[in-house]
Amino acid sequence: MLAALHDRDGRGRFGGRARLGIPGNADDWASVARQLTEGLVKGSERRGALPESMVAFLCQDPKDGESARDVMERLRPLAQLLRTACGALDVPVIEALCISDGRFWSYCCPSEQCCPSDGTPMGLPGTSVLAAAATYAGLQIRGSLREFRARLVPWETAAALEQESALNAVSMALIPRILDDESRTAVATETLDLAHRVMRRFADSTSVAGVPGVSGVPAVSGASGALSADLRDDELLCHDEAATLILGLQDRTTRDRAAEWMEGDEAGPALRLWRALARRCVGPYGEHAAAPLTLVGWVAWSSGDELEAREALAMALGADPGYLFARLLHQACNEGLDPESIRRCLRKERVDRADAEVIASSASPESSTSPVDADGPSGSASASSTRVASRRRRKPRSTGSVAGRPASRPSGTVGTRRPRSTADGSSAPEAPTRAGDGTGGGTRSRRGVGRHGTKQGET
């Protein structure tokens, strides 16, 4: 993590922060250091204040058979890359710390008296002045980053094999439908309907169990409470349902519509569902976790939980570094932007889509019959409904008249009578039976309707 520092009028203050998971491949460190630094510095410039210095934090737990000091030495090249990238932008790094297994080291201080080679012990969790002040103010202690990640990492239990089998089976049936333009919309609707049913199931389980919470989020305390809540959600979600949702969310349009469940009573159950789906991306489907993890980060950020948002978005980029939605949200969250601007866009999309569905339903053949019949001598139907019905009836008549009209008609008969039209301007129903009556009126009527119907369709 990089933290920008500003020194205004002799009073130092923290500015923006940028956080990203440490890549496992050391070859990626140079590009990560450059992108992280440029994003933070340019974001600060857009807000009108260039950072005067930086502090870098490299946090990682030891792997199996590795000590905390080994972690510090292994990450030393990354610390140097961060310092070099910041220096290239004229923003010096005044301190770079490695934090691992309850101890910290400084990459900038060479003094053994100040920074011993074995590291400096950190205070016990919850014993700092900040933790005491937060407790006094009634703020909940959220837990460590390791506990956050434990709620989002894929299963490694025996149930993971069953989930992988379900993913294999569902992918064979669902992916061809997603790739097909004709069935893609139907898959999106089915996926969102299923997600909504599972969300209601989660919300109902919370109320039935009598667990106090806000907006469908059960109140948890510490790692044990979070584990119990997650296990309860896992029991409510079948393997086939999880597989269908995971694969359905790989479609960008479906994922964007799911992101609309970001506030109010929808946010809590949605957050629980996205967490549960992230845990189900097992085995070779680890890359599929980018979609649910990004939704976790987005809903958490929209709900005001920046800590979980940053962690989830960093994990999404770890699953798929090229996932654009996660990258944009991660940058916006790190730069301290207000998520309300994104919420407004998603609300507008939801309203526009609802309006389009209403218009489409009113223009369907079933609904267009009523306005035409109502628009008799009394003319009680609205003009808009009449136009919709007229357009839907005229369009096929222009096509049918071309196919069914004789090659030529006696020129002297054309125009001898005006087409008789109904109140909505269409004379279509009688035209086929009068085509051979010798007057030419039916043919003339169909030509006129065809011309007007084409103009109206173009408009």
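The shown structure was predicted, so the numbers you read here are calculated from the model rather than taken from an experiment.

Visitor: So what exactly am I meant to see when it comes to the state of the cysteines here?
Guide: Defined simply, a disulfide is a covalent bond joining two cysteines at their sulfur atoms. Under the definition given, this model contains zero disulfides. Between cysteine 108, a cysteine without a disulfide, and cysteine 109, which holds the nearest cysteine sulfur, the sulfur-to-sulfur distance is 8.6 Å. You can call cysteine 108 partly exposed: its relative accessible area is 25%.

Visitor: Hey, could you run me through the nonpolar core in this one?
Guide: A general trend in soluble globular proteins is that nonpolar side chains are found buried together. Counting residues in each nonpolar core, the largest one holds 60 residues, and the members touching the most others are Trp261, Leu273, Trp274, Leu277 and Trp298. Put simply, the parts of the chain that give this core at least two residues each are α6 (159-179), α7 (181-209), α9 (239-248), α11 (267-279), α12 (290-302), α13 (306-319) and α14 (324-334). Ranked by residue count, the leading element in this core is α12, at nine residues. For tryptophan 274, the contacting residues outside a window of four places in its chain are Leu249, Ala258, Trp261, Pro292, Leu295, Val296 and Val299. Ranked by size, the runner-up nonpolar core spans 25 residues in total, among them Trp29, Ala33, Leu82 and Val93.

Visitor: I tried to follow the packing of α12 against helix α15 (residues 340-362) on my own but got confused; where do I start?
Guide: For any two helices packed against each other, one specifies the crossing angle of their axes together with the interaxial distance. One can describe the packing of α12 onto α15 by two numbers: an axis separation of 10 Å at closest approach and a directional angle of 110 degrees. Overall, the two elements α12 and α15 adopt an arrangement that is roughly perpendicular. As α12 runs across α15, the sense of the crossing is left-handed. Across from Trp298, Trp301 and Ser302 in α12, the residues of α15 making contact are Ile342, Arg343 and Leu346. Residue composition of the contact of α12 with α15, by class: four nonpolar, one polar and one charged.

Visitor: Sorry, what's going on with the packing of aromatic side chains here?
Guide: The geometry of an aromatic ring pair is captured by the separation of the ring centres together with the interplanar angle, meaning the angle of the planes. The tally for this structure, following the rule as stated, stands at two aromatic pairs. Arranged with centres 6.0 Å apart and planes meeting at 75 degrees, the rings of tryptophan 298 and tryptophan 301 form a pair that is edge-to-face. Remark: tryptophan 301 and tryptophan 298 occur in helix α12; sequence separation between them is three residues, near one turn of the helix. Residue tryptophan 298 is classed as buried on the basis of its relative accessible area, which comes to 1%.

Visitor: Can you walk me through the side chain of threonine 294 in this structure?
Guide: Along the polypeptide, threonine 294 turns up in helix α12. Within the structure, the side chain of threonine 294 is placed 2.6 Å from the backbone oxygen of alanine 290, a separation counted as a polar contact. With sequence-adjacent residues up to four places away left out, threonine 294 is seen in contact with Leu313, Ala316, Tyr323, Phe325, Ala326 and Leu329.

Visitor: For this particular structure, what's the right way to read the confidence of the model for the protein?
Guide: Where the model shows low pLDDT, its predicted coordinates should not be examined in detail. For the protein, per-residue confidence averages 76 on the pLDDT scale, and 69% of positions sit at 70 or higher. For residues 211-216, every residue scores under 50 in pLDDT, and the model assigns this stretch 17 contacts once sequence neighbours within four places are set aside. With pLDDT under 50 throughout, residues 367-459 is counted as low confidence; its partners more than four residues away or in other chains account for 73 contacts.

How each quantity is defined
Residues numbered from 1 in each chain as written. Predicted model: local features only at pLDDT ≥ 70, side-chain atom pairs only at ≥ 80, totals over all residues. Heavy atoms only, no water. Disulfide = S-S within 2.5 Å. Buried < 20%, exposed > 50% of the residue type's maximum accessible area, 1.4 Å probe, protein only. Core = buried A, V, L, I, M, F, W, Y, C linked by side-chain atoms within 4.5 Å. Helix = DSSP H or I, 4+ residues; strand = E, 2+ residues; numbered from the N terminus. Contact = heavy atoms within 4.5 Å. Axes fitted to C-alpha atoms, helices over the stretch in contact; angles between N-to-C directions. Parallel < 35°, antiparallel > 145°, perpendicular 65-115°, else oblique. Left-handed = near helix turned anticlockwise from the far one by under 90°. Nonpolar A, V, L, I, M, F, W, Y, C, P; charged D, E, K, R; others polar. Phe/Tyr/Trp six-rings, centres within 6.5 Å; stacked < 30°, edge-to-face > 60°. Polar contact = N/O pair within 3.5 Å; in protein donor to acceptor, adjacent residues only side chain to side chain. pLDDT = per-residue confidence, 0-100.

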